[in-house]
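Coordinates in review
Each chain is listed here by its residues.
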Amino acid sequence: MTTHVPATREALTDLPVEVAPRLLDALLEVELDGERVVLRLSEVEAYHGRGTGDVPDPGSHARMGPTPRNATMWGEPGHLYVYLSHGIHSCVNVVCGPAGVAGGVLLRGAEVVEGADAARRRRSARGVVRQDRDLARGPGRLGDASGLRHPVHDGIDAVTGDMRAGARARLLLPVSPRRDIATGPRVGVAGVAGGDEFPWRFWIPDDPTVSAFRWGRGAGPALSAAR
DNA sequence: CCCTAGATGCAT
DNA sequence: TGCATCTAGGGG
């Protein structure tokens, strides 16, 4: 039986906070230089933008309006917004919402269900990977494991799966959305955007590939919110 | 311009 | 807790 179907542009046109929970258990397939890595998403965060019918989001890269960096977030849903975090890691978002309205879902955690060898090799360039569950646990790790990089793959289309800088990405949505979903404040976002105003982090309860984050930094209290 | 903080991860 | 490494954004 079919468990996943290719994501359509329409399915991603709703606002990120609506799309985000539906991306849990979704698959992101990435082919890069002939190697294939498939990620099953376990943790995501929604980010909106500013103005024009959108929900204001002080934690978003698009909070100041369109800039060269966040241009992809304002474009068609289904493309991937790949940005450089702390000058080191390439993090991956699925652009959501109508074109012209900024929005995206940050992919924060995943299980590598195919291509663990390639993922491990890419990740070990930055350090030692002790367990397979850590291959894509955390947004920076997920980006490294996927092979997608800033800036060359920023804007790649995960709906059509077109080739871009040696890579091809495709997003597959689960036929049956999950019922058991945990929610809470976003990680690493300072100020009100990380608090109760924006409980826009979604994860699969008890999934070992959900990121662990340091308390006492960034977002403040939180994990128990939906347990 | 210069400075700082950032949707992070790793070793200490 | 410090560091890697780069850049957007705010202040002078």
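Notes on the structure in this doc start here. Predicted, not measured: the structure shown is a model, and the values here were computed from it.

1. So, the protein's contact with DNA strand B
Around DNA strand B there are 25 residues in total, and Tyr83, Asn93, Arg123, Arg141 and Gly188 lie nearest to it. Separating a base nitrogen of DNA strand B from a side-chain N or O atom of asparagine 93 is a distance of 2.5 Å. Going through the elements one at a time, β4 (80–85), β5 (89–95), β6 (104–114) and α3 (139–146) are the ones with two or more residues in the surface near DNA strand B. The biggest single contributor to the surface near DNA strand B is α3, with three residues.

2. Concerning the pattern of salt bridges
Within the structure shown, the criterion is met by 20 salt bridges. Arginine 141 is the partner of aspartate 134 in a salt bridge, and the nearest nitrogen-oxygen pair spans 4.0 Å. Owing to a relative accessible area of 11%, aspartate 134 belongs among the buried residues under this scheme. What you see here is one network of salt bridges that share partners, running through Asp25, Arg40, Glu111, Arg178, Asp180 and Asp207.

3. As for the nonpolar core
Leu23, Leu39, Val44, Leu80, Val94, Leu107 and Leu171 are the most contacted members of the largest nonpolar core, which totals 42 residues. Only β2 (27–32), β3 (35–47), β4, β5, β6, α2 (116–124), α3 and β7 (167–174) provide two or more residues apiece to this core. The element that contributes the greatest number of residues to this core is β3, accounting for five residues. For leucine 23, the contacting residues outside a window of four places in its chain are Leu12, Leu41, Val44, Val94, Val105, Leu171 and Leu173. Judged by nonpolar contacts, the second largest core, of 12 residues, contains Tyr47, Met73, Trp74 and Ala102.

4. A few points about unusual backbone geometry
The omega torsion across histidine 150 and proline 151 is 0 degrees, close enough to zero to call that bond cis. Take proline 151: it is sitting in the loop between α3 and β7. Even without being glycine, alanine 165 reaches a positive phi, approximately 50 degrees. Turning to its location among the elements, alanine 165 is positioned in the loop between α3 and β7.

5. Observations regarding α2
For α2, the complete set of buried residues consists of Ala118, Ala119, Arg122 and Arg123. The buried residues of α2 occupy an angular sector of 125 degrees when the element is viewed end-on, so they sit on one face. Where α2 is buried, its residues contact β2, β3, β6 and α3.

6. With respect to the side chain of glutamate 43
One can find glutamate 43 in strand β3. Accessibility expressed as a relative area gives 0% for glutamate 43, which makes it buried. A distance of 2.7 Å separates polar atoms of two side chains, one belonging to glutamate 43 and the other to arginine 201. Filtering out sequence-adjacent residues up to four positions away, glutamate 43 remains in contact with Leu24, Leu106, Leu107, Arg108, Gly109, Arg201, Phe202, Trp203, Val210 and Ser211.

Rules behind the numbers
- Residues numbered from 1 in each chain as written.
- Chains lettered and ligands numbered in written order.
- Predicted model: local features only at pLDDT ≥ 70, side-chain atom pairs only at ≥ 80, totals over all residues.
- Heavy atoms only, no water.
- Near = heavy atom within 4 Å.
- Polar contact = N/O pair within 3.5 Å; in protein donor to acceptor, adjacent residues only side chain to side chain.
- Helix = DSSP H or I, 4+ residues; strand = E, 2+ residues; numbered from the N terminus.
- Salt bridge = Lys/Arg side-chain N within 4 Å of Asp/Glu carboxyl O.
- Buried < 20%, exposed > 50% of the residue type's maximum accessible area, 1.4 Å probe, protein only.
- Core = buried A, V, L, I, M, F, W, Y, C linked by side-chain atoms within 4.5 Å.
- Contact = heavy atoms within 4.5 Å.
- Arc of directions from axis to C-beta.

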